[in-house]
Amino acid sequence: MMFLRKALAFLKKDLLNEMSYKLAFIMQVFGIFLSVTMFYFLSLMFGKSSLPSLAQYGGNYFAFVLIGIAFSNYLDVSLSSMSRKIREGQMMGTLEALLATQTGLTTIIVSSSLYSFLFTSLQVFVYLIIGVFMYQLDLSQANYLGGIIVLLLSILAFSGFGILSASFIMVFKRGNPVAKIFSGLSWLLGGIYYPVEILPQWLETCSLLLPITYSLQGMRLALLKGASLSELLPNILSLLAFTLIMLPISLFVFRYAVGRAKRDGSLTQY
Amino acid sequence: MESIIETHNLTKYYPRLKTYRQIILSPFKKSQNLALSNVNLKVEKGSILGLLGPNGAGKTTLLKILSTLVHPTSGQAVVNGFDVVGQGNQVRRSIGIVTTEERSFFWRLTGRQNLQFFAALNNLFGLERDQSINTVLHQSGLEKESDRMFKDYSTGMKQRLAIARGLLCDPDIILLDEPTRSLDPYSSRHMRTFIKEKIVNHKKRTVILATHNLQEAEELCTHVAIIKDGMIITQGAMEKVKNIISSQWYRIKLSAGALTMDINKFPGVFEQRVAHDPSLLEIKTEDISGILRNILEEGAVVEECTLIRPSLEDIFTKVIEENGSVSAGQLL
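Residues numbered from 1 in each chain as written. Chains lettered and ligands numbered in written order. Predicted model: local features only at pLDDT ≥ 70, side-chain atom pairs only at ≥ 80, totals over all residues.

Engineer: For this particular structure, what's the right way to read the overall build of chain A?
Structural biologist: Check the secondary structure of chain A and you find 11 helices and 0 strands. Taken over the C-alpha trace, chain A has a radius of gyration of 19 Å; the compact-globule value for 270 residues is 18 Å, and the two agree within 12%. Taking the principal axes of the C-alpha coordinates as reference, chain A spans close to 60 × 45 × 35 Å. Residues counted as buried form 44% of the 270 residues belonging to chain A. (Helix = DSSP H or I, 4+ residues; strand = E, 2+ residues; numbered from the N terminus. Rg over C-alpha atoms; globule rule 2.2 N^0.38 Å. Buried ≥ 20, exposed ≤ 12 C-beta atoms within 10 Å, placed from the backbone.)

In structure tokens:
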């Protein structure tokens with residue numbers, strides 16, 4: 001209960017702060033429409049040619065890439081929002097003020113990224129709405145419950161890497177190898193723009209080490225093919241395994257990083 | 001008196017940023033700056049301790065350690081019975097820290113919205129939160145300005161909001177880090193009155209006031225600790241600290257016929273100066289009774305003799321210049 005009230009306080013603060021930058025706020029919303037339109041024209045180019053590897057997702061490239069792009073936003077937010085908030089806190093000087101309060105580290109790090117997740121959800125929702133009503137994206141068979149379960153587990157699995165990445169920023173201020181490597185590999189091998197099946201065998205095997213592979217595959221199967229929970233089970237279990245391994249490790253590392261910054265006296269250095 | 005804050009041999013080194021050359025040639029060699037050295041400090045419950053020292057003396061580091069924002073390299077600090085490293089959460093429940101760091105607020109939120117956010121992080125919600133915010137806004141005189149964005153506040157208002165934030169949870173201990181820095185004389189005076197009336201007289205809280213404004217410390221503090229190069233040079237009750245100057249200035253009024261007397265010839269007179277009134281002499285000595293006896297033996301009449309109380313500035317200058325250490329035991 002206490003956590004929820006504190007999380008709401010973070011959400012309100014970030015919403016008020018973001019809305020005060022009116023032009024940036026409007027541009028963010030406008031950007032969503034532009035991206036969808038761009039992918040629609042891409043789909044027109046590929047539309048007539050059929051890729052066998054897309055068949056398992058219904059064969060429509062627009063639907064494939066829209067889901068890929070929409071949900072890869074969660075990857076970006078999970079990876080970057082916490083480290084960005086830490087960096088902002090160092091630069092603005094608010095980090096020290098937050099750590100001087102009676103709120104635990106985990107609550108601070110998790111709550112500080114809530115607004116970004118909420119905004120991303122709005123983005124994804126708009127992507128899907130525009131896709132459905134303007135570009136004939138077919139979600140008639142979608143298994144929304146399955147999609148939500150895959151989404152929540154994806155966020156948790158990605159967040160483990162995000163917290164690790166925030167730990168680097170806490171200590172080194174700049175330079176974030178976790179985000180760079182993990183994000184680069186995910187975009188390359190995770191099946192955002194193209195199905196992983198078109199990769200050479202050894203790269204396809206490598207893609208199995210990334211949570212985004214299971215996340216996007218599960219999300220596409222749930223939304224485009226209406227896959228049941230039992231059909232989604234391999235993806236769900238893989239994401240659960242990533243979560244159970246990565247979250248405790250990353251929280252431990254983050255706690256160590258804050259201790260290190262306190263020993264160095266560098267909480268507000270940048 | 002019961003101590004509410006104690007430090008034992010508190011030492012802090014900050015790591016220095018290594019150059020590329022150092023990273024390559026001596027990757028494992030530590031390069032550090034000493035910020036605090038074996039600081040032993042006791043703060044009595046209900047007292048107002050002035051932590052005095054020049055820039056870079058270690059005042060802010062000490063406050064940050066006490067507020068759990070910086071970990072000591074060695075030694076121990078106990079606040080309200082809790083260790084600052086091992087029991088950080090309990091320590092943070094006992095303290096309110098007020099820094100002059102304007103950047104510690106969210107500039108595009110109003111003063112009230114900032115306080116609402118920090119109140120939530122300090123476990124204040126609903127009616128209790130609103131009442132607490134209204135109280136501290138009233139105390140800090142920001143009621144009418146509470147719905148203006150923080151970025152539109154004057155420096156004095158930002159400072160007062162920082163104090164309001166520190167008072168939100170009504171903590172037992174308040175740490176004030178140079179609360180009047182960068183304020184004009186009028187705002188400084190207003191701030192001192194505010195601290196004295198609202199925090200000290202009204203709330204009876206334990207306060208540590210880090211400052212290099214000696215007038216401020218003299219006006220507000222019951223106790224004082226002087227810190228230089230990370231070491232506590234002297235500490236104790238204000239009046240006792242003032243007594244560490246053994247040679248003091250006295251103002252003497254002699255009878256009209258004795259004004260030409262050469263006082264310097266008497267043993268024990270370290271220095272003589274002429275006061276603004278030519279009928280008065282000011283002398284610095286450790287043995288005023290011996291000198292008065294000598295004057296009387298010469299046949300002069302001493303009409304008046306008063307001790308010129310040393311100001312905190314005199315003490316501060318003396319201990320900083322001498323950099324000698326006076327043990328706390330002598331003074332407390």
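Right, picking up where we left off after that structure.
Engineer: I'm lost on the pairing of strand E4 (residues 74-79) of chain B in this one. Help?
Structural biologist: Look at any regular strand and the pattern is simple: side chains alternate between the two faces of the sheet. Residue and element names in this part refer to chain B. Summarising the sheet, strand E1 (residues 3-15) and E4 pair through 5 bridges and their orientation is antiparallel. Of the residues in E4, the one forming a bridge with His8 is Gln76. Where E4 and strand E5 (residues 82-83) come together, 2 bridges link them in antiparallel fashion. When the sheet's bridge partners are listed, Val78 is paired in E5 with Asp83. Counting the residues between successive antiparallel strands, the hairpin from E4 to E5 contains 2 residues, one of them, Asn80, with a positive phi of roughly 55 degrees. (Pairing = 2+ DSSP bridges.)

Engineer: So what exactly am I meant to see when it comes to the nonpolar core here?
Structural biologist: Generally speaking, soluble globular proteins have nonpolar side chains that are buried together. Counting 144 residues, the largest nonpolar core has Ile67 of chain A together with Leu49, Leu51, Leu66, Leu175, Ile208 and Leu209 of chain B as the members making the most contacts within it. Counting residues in each nonpolar core, the second largest holds 7 residues, with Phe266, Leu281, Ile283 and Ile291 of chain B among its members. (Core = buried A, V, L, I, M, F, W, Y, C linked by C-beta atoms within 7 Å.)

Engineer: Even after reading the chapter, I still don't get the domain arrangement of chain B, so can you show me in this structure?
Structural biologist: Much of the literature gives interface size as the accessible area that the parts lose upon coming together. Taken domain by domain, chain B consists of domain 1 (3-242) and domain 2 (248-309). One C-alpha centre belongs to domain 1 of chain B, the other to domain 2 of chain B; they are set 46 Å apart. (Domains from an automatic or database assignment.)

Engineer: Explain the interface of chain A and chain B to me, please; I cannot follow it from the model alone.
Structural biologist: Listed as interface residues are 25 residues of chain A and, on the opposing side, 24 residues of chain B. Listed by contribution, the elements that provide at least two residues to the side of chain A that touches chain B are helix H1 (2-20), helix H4 (94-99) and helix H11 (229-264) of chain A. A per-class count over the side of chain A that touches chain B returns 9 nonpolar, 9 polar and 7 charged. (Contact = placed C-beta atoms within 7 Å. Nonpolar A, V, L, I, M, F, W, Y, C, P; charged D, E, K, R; others polar.)

Engineer: Help me out: how do you make sense of the sheet that holds strand E11 (residues 248-254) of chain B in this one?
Structural biologist: As a general point, the strands of a sheet are linked pairwise by backbone hydrogen bonds and lie either parallel or antiparallel. Residues and elements named next belong to chain B. Pairing is antiparallel in the open sheet, where 4 strands are placed in the order E12-E13-E11-E14. What marks the edges here is a single partner per strand, and that holds for strand E12 (269-274) and strand E14 (302-308). Strand-to-strand twist across the sheet, computed as the mean angle between neighbouring axes with direction ignored, equals 25 degrees. By the bridge criterion, 5 bridges tie E12 to strand E13 (residues 280-285) in an arrangement that is antiparallel. Paired with Glu271 across the bridge in E13 is Lys284. Where helix H10 (residues 288-297) meets the sheet, it contacts E11, E12, E13 and E14, and its direction lies at approximately 165 degrees from that of E14. (Axes fitted to C-alpha atoms, helices over the stretch in contact; angles between N-to-C directions.)

Engineer: Can you walk me through the packing of H1 of chain A against helix H4 (residues 111-121) of chain B in this structure?
Structural biologist: Packed helix pairs are characterised by how far apart their axes lie and by the angle those axes make with each other. Here H1 of chain A crosses H4 of chain B at 155 degrees, and the two axes come no closer than 9 Å. Taken together, H1 of chain A and H4 of chain B sit at an angle that is classed as roughly antiparallel. Along this stretch, H1 of chain A crosses H4 of chain B, giving a crossing that reads as left-handed. Taking contact as the criterion, the partners of Arg5, Lys6, Ala9, Lys13 and Leu16 of chain A in H1 of chain A are, on H4 of chain B, Gln113, Phe117, Ala120 and Leu121 of chain B. (Parallel < 35°, antiparallel > 145°, perpendicular 65-115°, else oblique. Left-handed = near helix turned anticlockwise from the far one by under 90°.)

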